[in-house]
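Fold and geometry: a report
Spelled out, the chains give:
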Amino acid sequence: MPDVIKTFPIVMLAAALAAPFLAHAAPHYTLEKVVEVSRHGVRPPSPDNRKEIEAGTARSWANWLTPDGDLTGHGYTAVWLKGQYESQRYHQLGLLKDGCPASGEFYVRASPLQRTRATAKALTEAAFPGCNIAIISEKEDPLFFTPAKKASPEEAEATRQQALQAMGGNLASAQQRLQPQIGALRKAVCPPGQSCPIFSQPWELKSWSSGGVGIKGLDSLAAMAETIRLEYSENKPTAQVAFGHARSAEEVARLLPLLTAKYDYTNDLQGPAQRGASLLMDQISRALQQGVTDQQNAPPDVRWLLYVAHDINISWLRTLLDFRWQQGLYPPGNIPPGGSLVFERWRNDHQQRFIRIYFQSQGLDQLRQLTPLSQRNPPLLSELKFTGCKATPVGTLCPYDISLQRIEKNIDRSSIAPIDSPQP
C-alpha cells in the first residue's frame, strides 16, 4: 500500500499529460530534426557558492534535503514535465514515433556532474517512459568545459577589455549604477543591524588562466540572487526564501538583476564564448546539416539530439549567435533551471529548408508549483529573428543557408578538434 500511495500522484500526472497535444504544424511544413541544449534542473547552491554566500552575509542559508549542487526531487519532476511536453509535441509533429526510440531517432549526451546526468534521466524518462535510455556522459567532456590550455596574455587582455566595454568602460561606475539593485539584495539577506561588508566593498576584475574573467564581489552577490531563485523554484516555505523577504514570484524577480550583470560582464563575452563553446556550436551546425550534406566529425545522426549542460554553456552559445531575450518576470538574459536553447530544422513541400532557433524556459511559478505544460499553459519562449526570417504557423522560420552562416559565423576554428561520440 505505501508504494501505491507514493506512485499515485505521478500516475495521475502522467495520465493528465497524456491528453492529445493540441499544437500542430501546418500541413506544408515538416519538422525534420531537433538539436537541443538544456540547462540542468533545480539544485541547492553548490558547495563553493554556499560557502561564499554564507561568508558574505555572516549567516546560514536554508538547508536542503539534497546534497549541495545535486538535482533535487522537485527539480527532477519539473524537468520531467518539460520532457513530457516536448515529447508530446514532437510526436504530434511526426518527428517521433510511438514506443521506444529506434536507432537514428534519439541521442542524449550530458555533462558529467550529477545534476546534469540526473536531468538527462528525467527528460528521457518523461519522453520515453520505460525505455531505459542510455545517457552518454564523458569525464571532462570538451563539449561542456573550457579547454585546459591556458590563455595567452594577449587573449587574457582581450577578454579583460571586452568585460570593461560591457560594463561601460569602468568597473567602479558599473557598481555605482547598480546600487539600487545591490541595496535591495542587501535588505533581503543581511541580518538586521549588520552591515555585510561585501555589499559595499569595491568590486575587483579577475582574469582566469582559462581566458575567462570574474568579478570579486559581484560574483558573490549573483550567487545570492541565484540561490534565492532556486529556493523559490524548489517550493521552499516563503519564510525561508530570502529569509522571508521574497514571498511571491514578483518579489523574487526584483532580487535577480545582479544575475544579468554577471552574465553581461563576465559570461556573455566573445572571447570566453569562442573558447568555451566553439566546439559545441560546431557539433550543432554539423548535426543540423546531417541528411542534407555529408558531415565528418559529427554527432550521431538522429532526429532529436539532446545535450544537457549548464547555464554558462547556453550563455556562450547565445553570445556566438548574438541572441538576447527577456522572459516573463525574469530579468533580461536569464537562464532558469531546465531552460533550453533549441534548433529545429524544417522543410516545406517545395523541399526548401529552414531553421528555427528559440530559447524556452518554465516561469518561476511553473517551476514552484510543478505546473503541467500544455498548449494552454506553455513554457516561456523567445525566438531568434533576423533579416530573412518569416512568421509561419510553426513559428519563426529562417532560411537554412543564412541560419547556418549565423550559427558558424563566430566559431573559432582553431578550437575545433575530433569528437568521440560513444554509442549507447
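Residues numbered from 1 in each chain as written. Predicted model: local features only at pLDDT ≥ 70, side-chain atom pairs only at ≥ 80, totals over all residues. Heavy atoms only, no water.

Turning our attention to the pattern of salt bridges. According to the stated counting rule, one finds 21 salt bridges in the structure shown. Taking the shortest distance from any N to any O, the salt bridge between R345 and E32 comes out at 2.8 Å. Note that R345 is positioned in strand β6 (residues 340-348) and E32 in strand β1 (residues 29-39), a separation of 313 residues in sequence. We note that R345, like E32, is buried. Between D68 and R50 there is a salt bridge whose closest N-O contact spans 2.6 Å. Remark: R50 occurs in helix α2 (residues 47-57) and D68 occurs in the loop between α2 and α3 (73-92); sequence separation between them is 18 residues. Overall, R50 belongs to the buried group, its relative accessible area being 12%. Counted as one network, the salt bridges with shared partners bring together E32, R345, R347 and R353. (Salt bridge = Lys/Arg side-chain N within 4 Å of Asp/Glu carboxyl O. Helix = DSSP H or I, 4+ residues; strand = E, 2+ residues; numbered from the N terminus. Buried < 20%, exposed > 50% of the residue type's maximum accessible area, 1.4 Å probe, protein only.)

Tallied over the full model, the rule gives nine aromatic pairs. Centroid distance W61 to F243: 5.1 Å. Interplanar angle 75°. Geometry classified as edge-to-face. With W61 in the loop between α2 and α3 and F243 in the loop between α8 (218-233) and α9 (249-253), this residue pair connects regions lying 182 residues apart in the sequence. Using a relative accessible area of 4% as the deciding quantity, one classes W61 as buried. (Phe/Tyr/Trp six-rings, centres within 6.5 Å; stacked < 30°, edge-to-face > 60°.)

Here we take up the side chain of D268. When you line up the elements, D268 lands in the loop between α10 (257-267) and α11 (270-289). Classification of D268 as buried rests on a relative accessible area of 10%. At 2.3 Å, the side chain of D268 forms a polar contact with the side chain of S315. Among the polar contacts made by the side chain of D268, one reaches the side chain of T319 at a distance of 3.4 Å. Each residue touching D268, except ones within four places of it in the same chain, is listed here: Y263, S315, R318, T319 and R324. (Polar contact = N/O pair within 3.5 Å; in protein donor to acceptor, adjacent residues only side chain to side chain. Contact = heavy atoms within 4.5 Å.)

To continue, consider unusual backbone geometry. The backbone of N132 shows a phi angle near 50°, a positive value even though the residue is not glycine. Considering the arrangement of structural elements, one finds N132 in the loop between α4 (114-127) and α5 (153-166). Looking at N132, the relative accessible area reads 71%, which means it is exposed. Although it is not a glycine, C196 sits at a positive phi angle of roughly 50°. With respect to the secondary-structure elements, C196 resides in the loop between α7 (179-189) and β3 (204-207).

We now examine the packing of α11 against helix α14 (residues 400-408). Close contact between α11 and α14 brings their axes to 9 Å; oriented N to C, the two are set at 165°. One element, α11, and the other, α14, form an angle in the roughly antiparallel class. Read as a crossing pair, α11 and α14 show a hand that is left-handed. Counted together, M281, S285, L288 and Q289 of α11 and Y400, L404, I407 and E408 of α14 form the full contact between these two elements. (Axes fitted to C-alpha atoms, helices over the stretch in contact; angles between N-to-C directions. Parallel < 35°, antiparallel > 145°, perpendicular 65-115°, else oblique. Left-handed = near helix turned anticlockwise from the far one by under 90°.)

To continue, consider the state of the cysteines. For the coordinates displayed, the defined rule picks out three disulfides. The disulfide bridge from C190 ends at C196, spanning 2.2 Å between sulfur atoms. You can call C190 buried: its relative accessible area is 8%. The residue that forms a disulfide with C389 is C398, at a sulfur-sulfur distance of 2.0 Å. Between C389 and C398, the S-S dihedral sits near 105°, and the bridge is therefore right-handed. You'll find C389 and C398 in the same group, each marked buried. The disulfide pattern of the protein is 1-2, 3-4, 5-6 when the bonded cysteines are numbered in sequence order. (Disulfide = S-S within 2.5 Å.)

Moving on, we get to α14. Those residues of α14 that fall on the buried side of the exposure criterion are Y400, S403, L404 and I407. Looking down the long axis of α14, one finds its buried residues gathered within 100° of arc, a one-sided arrangement. Opposite its buried face, α14 presents the exposed residues D401 and Q405, each directed more than 90 degrees away. Residues of α14 that are buried in the fold lie against α11, α12 (311-321), β6, β7 (353-361) and β10 (395-399). (Arc of directions from axis to C-beta.)

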